[in-house]
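Survey of secondary and tertiary structure
Each chain, written out:
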Amino acid sequence: MKDSNPEITDLIIQGIQERKGRHITHIDLSAVESSAARDFIVCEGTSTTHVAAIADCVRDFLLDNHRIKPYNYDGYRNSSWIVVDYGSALVHIFMPDERRRYNLEELWSDGLITEIPDID
């Protein structure tokens, strides 16, 4: 597993909230040996355009304010599920139907799950 940066999850959440991402969930997987990352941050947008805007905002926020670049990202072609890889943290931005279909919160339910209140 890649090195962790404890504050990166807070920065990612700030980037999501800046574009009004909804239903943010933090899944702490630090105690799960088989996980791809230490943290999953999951949220949703209201349209494919909104999903892409949230992903862009997270990437720009971390790069512009903290000089942190993602290792990779994917999903912009359809923008129904975009994942941004920060090594220790994976950001999953979904359309609501896709989020329900893949249900990462249940798949990784052995992690510590924290719901982050929406900012209105």
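Before going into details, it helps to say that this report is about the structure given with it. Predicted model only: the values in this text are computed from it and were never measured.

Quick look at the environment of Ser-35
- Within the secondary structure, Ser-35 is located in the loop between β1 (22-28) and β2 (39-44).
- For the pair Ser-35 and Arg-100, spaced 65 residues apart in the sequence, the C-alpha separation amounts to 20 Å.
- Polar contacts involving the side chain of Ser-35 include one to the main-chain carbonyl oxygen of Val-32, which spans 3.1 Å.
- A distance of 2.8 Å separates a polar atom in the side chain of Ser-35 from the backbone oxygen of Ala-37.

A look at the packing of helix α1 (residues 8-18) against helix α2 (residues 48-66)
- Where α1 contacts α2, the axes come no closer than 8 Å and their chain directions differ by 130°. The angle between the axes of α1 and α2 places the two elements in the oblique class. Here the hand of the crossing between α1 and α2 comes out right-handed. Across the interface between the two elements, Ile-8, Leu-11, Ile-12, Gln-14, Gly-15, Ile-16 and Glu-18 from α1 touch Ile-54, Cys-57, Val-58, Phe-61, Leu-62 and His-66 from α2.
- Across the contact of α1 with α2, the residue classes break down as nine nonpolar, three polar and one charged.

Some words on the sheet that holds strand β6 (residues 112-116)
- Read from one edge of the open sheet, six strands run β3-β4-β5-β2-β1-β6, paired in mixed fashion. One side of each edge strand has no neighbouring strand; the edge strands of this open sheet are β3 (72-74) and β6. When the angles between neighbouring strand axes are averaged without regard to direction, this sheet yields 15°.
- Direction of pairing for β3 relative to strand β4 (residues 81-85): antiparallel, over a ladder of three bridges. Across the sheet, residue Asp-74 finds its bridge partner in β4, namely Val-83.
- Along the sheet face, α1 touches β1, β2, β5 (89-94) and β6 and points at about 10° away from the line of β2.
- Lying on the sheet, α2 is in contact with β2, β3, β4 and β5; it crosses β4 at an angle near 10°.

With respect to α1
- Of all 11 residues in α1, eight are buried, a share of seventy percent or more.
- Three or more residues of α1 are buried, namely Ile-8, Thr-9, Leu-11, Ile-12, Ile-13, Gly-15, Ile-16 and Gln-17.
- Looking at the buried positions of α1, the neighbouring elements they touch are β1, β2, α2, β5 and β6.
- Just past α1, the residue Lys-20 takes up positive phi, approximately 60°.

Procedures and definitions
Residues numbered from 1 in each chain as written. Predicted model: local features only at pLDDT ≥ 70, side-chain atom pairs only at ≥ 80, totals over all residues. Heavy atoms only, no water. Helix = DSSP H or I, 4+ residues; strand = E, 2+ residues; numbered from the N terminus. Polar contact = N/O pair within 3.5 Å; in protein donor to acceptor, adjacent residues only side chain to side chain. Axes fitted to C-alpha atoms, helices over the stretch in contact; angles between N-to-C directions. Parallel < 35°, antiparallel > 145°, perpendicular 65-115°, else oblique. Left-handed = near helix turned anticlockwise from the far one by under 90°. Contact = heavy atoms within 4.5 Å. Nonpolar A, V, L, I, M, F, W, Y, C, P; charged D, E, K, R; others polar. Pairing = 2+ DSSP bridges. Buried < 20%, exposed > 50% of the residue type's maximum accessible area, 1.4 Å probe, protein only.

Honestly, that's just the spatial picture; any functional story needs more than this.
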